[in-house]
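An overview of the molecular structure
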Amino acid sequence: MPYSAYEHWKTTPIEGEPYLSIVIPAYNEEERIVPTIGAIASYVSDLGFSWELIIADDGSKDNTVKIVQELHLANVRVLVAEKNGGKGSAVRRGMLAARGQYVLFDDADNSTPIEELKKVLAKLETENYDVAVGSRAVAGSEEAKRSPLRRLMSGTLRWIVQNIFKIGVSDTQCGFKLFTRDAAQKLYQSQTSAGFSFDLEILYLAHKFNFRIAEVPVAWVDAPGSKVDTTKEAQRFLRDLVRIKMNDWRGVYVGG
């Protein structure tokens, strides 16, 4: 890529509304956050549109916030949290703060390479979808280094979601989702889950509010250093399935 494009993004604040906002939740990511920012910035800066990067801290106890702030990148914002509120809480703050015409939620581990952005962006730009979901469960996707246990648990949870929730999305948990700003605002304002099940709730709401959802095959690698306890999160996920349904029956979700 021409270095000049990155240098301009690094040093020159955006005037007006950016075309794209990228939101990354971060909790104790001092080892991974700089390589992730570097990979994203080097690729997106060369795409020819204005963009901002939002790091939504989740009460990190390490030097994550300090490290990002000391990069002195003109178009990076750090949303500092006083305490750990859960991944869903961090993503919600970032998505609601985003100013872009399109808003991408991306994980700090870069498990889905940023080069997959073009696939999801095309669905919103040219096919008029409101939400594009990066997926590891549809034809054309690539999934590497996932353990047999995690594959089994993921497959079981996907079956439950498909057969009980029937929202038309096979993989709700991949951390690579693009929204129009209107969809992002309406969905994340209605979000109630602060934990790892927030993805399912957001897509359940998208279906309920009649947003057009595209499921897009992406490459994905189970990056080392995950802070997720698979067994505990699976149990919480099942509990949240019930809670989301109960919320809907009680009329908690409004605004679509």
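This report concerns the structure included in the present document. (Residues numbered from 1 in each chain as written. Predicted model: local features only at pLDDT ≥ 70, side-chain atom pairs only at ≥ 80, totals over all residues. Heavy atoms only, no water.)

A look at the pairing of strand β1 (residues 20-26)
With seven of its seven residues buried, β1 lies for the most part within the structure. Here β1 shows a buried face lined by Leu20, Ile22, Ile24 and Ala26 and a second buried face lined by Ser21, Val23 and Pro25. In this sheet, strand β2 (residues 51-57) lies alongside β1 in parallel orientation, the contact comprising seven bridges. Note that in β2 the partner of Pro25 across the bridge is Ala56. Handedness of the crossover is the feature at issue here: the chain leaves β1, passes through helix α2 (residues 33-44), returns alongside β2, and the resulting connection is right-handed. Relative to strand β4 (residues 102-106), β1 runs parallel, the two sharing four bridges. Of the residues in β4, the one forming a bridge with Ile22 is Leu104. (Buried < 20%, exposed > 50% of the residue type's maximum accessible area, 1.4 Å probe, protein only. Helix = DSSP H or I, 4+ residues; strand = E, 2+ residues; numbered from the N terminus. Pairing = 2+ DSSP bridges. Right-handed = clockwise from strand over helix to strand, strands pointing away.)

Topic: the packing of helix α4 (residues 87-97) against helix α7 (residues 181-190)
Where α4 meets α7, the closest approach of the two axes is 9 Å, and the angle between their N-to-C directions is 145°. As α4 packs across α7, the resulting crossing turns out to be left-handed. Between α4, through Val91, Arg92, Met95 and Leu96, and α7, the contact on the second element is made entirely by Ala184, Gln185, Tyr188 and Gln189. Here the residues of the contact of α4 with α7 sort into five nonpolar, two polar and one charged. (Axes fitted to C-alpha atoms, helices over the stretch in contact; angles between N-to-C directions. Left-handed = near helix turned anticlockwise from the far one by under 90°. Contact = heavy atoms within 4.5 Å. Nonpolar A, V, L, I, M, F, W, Y, C, P; charged D, E, K, R; others polar.)

Some remarks on the sheet that holds strand β7 (residues 176-180)
Ordered by their spatial adjacency, seven strands build an open sheet running β3-β2-β1-β4-β7-β5-β8, and the pairing between neighbours is mixed. Strands at the two margins of the open sheet, each flanked by one partner only, are β3 (76-79) and β8 (213-217). Shown here is a sheet whose adjacent strand axes are inclined to one another by a mean of 20°, direction ignored. α4 rests against β1, β2, β3, β4 and β7 of the sheet, and its axis sits at about 150° to β2.

Some words on the side chain of Thr36
Summarising the element assignment, Thr36 is placed in helix α2. You can call Thr36 buried: its relative accessible area is 4%. Apart from the residues lying within four places of it in its own chain, the contact partners of Thr36 are Ile24, Asp107, Ala108, Asp109 and Asn110.

By themselves, these are just geometric observations and shouldn't be taken as functional.
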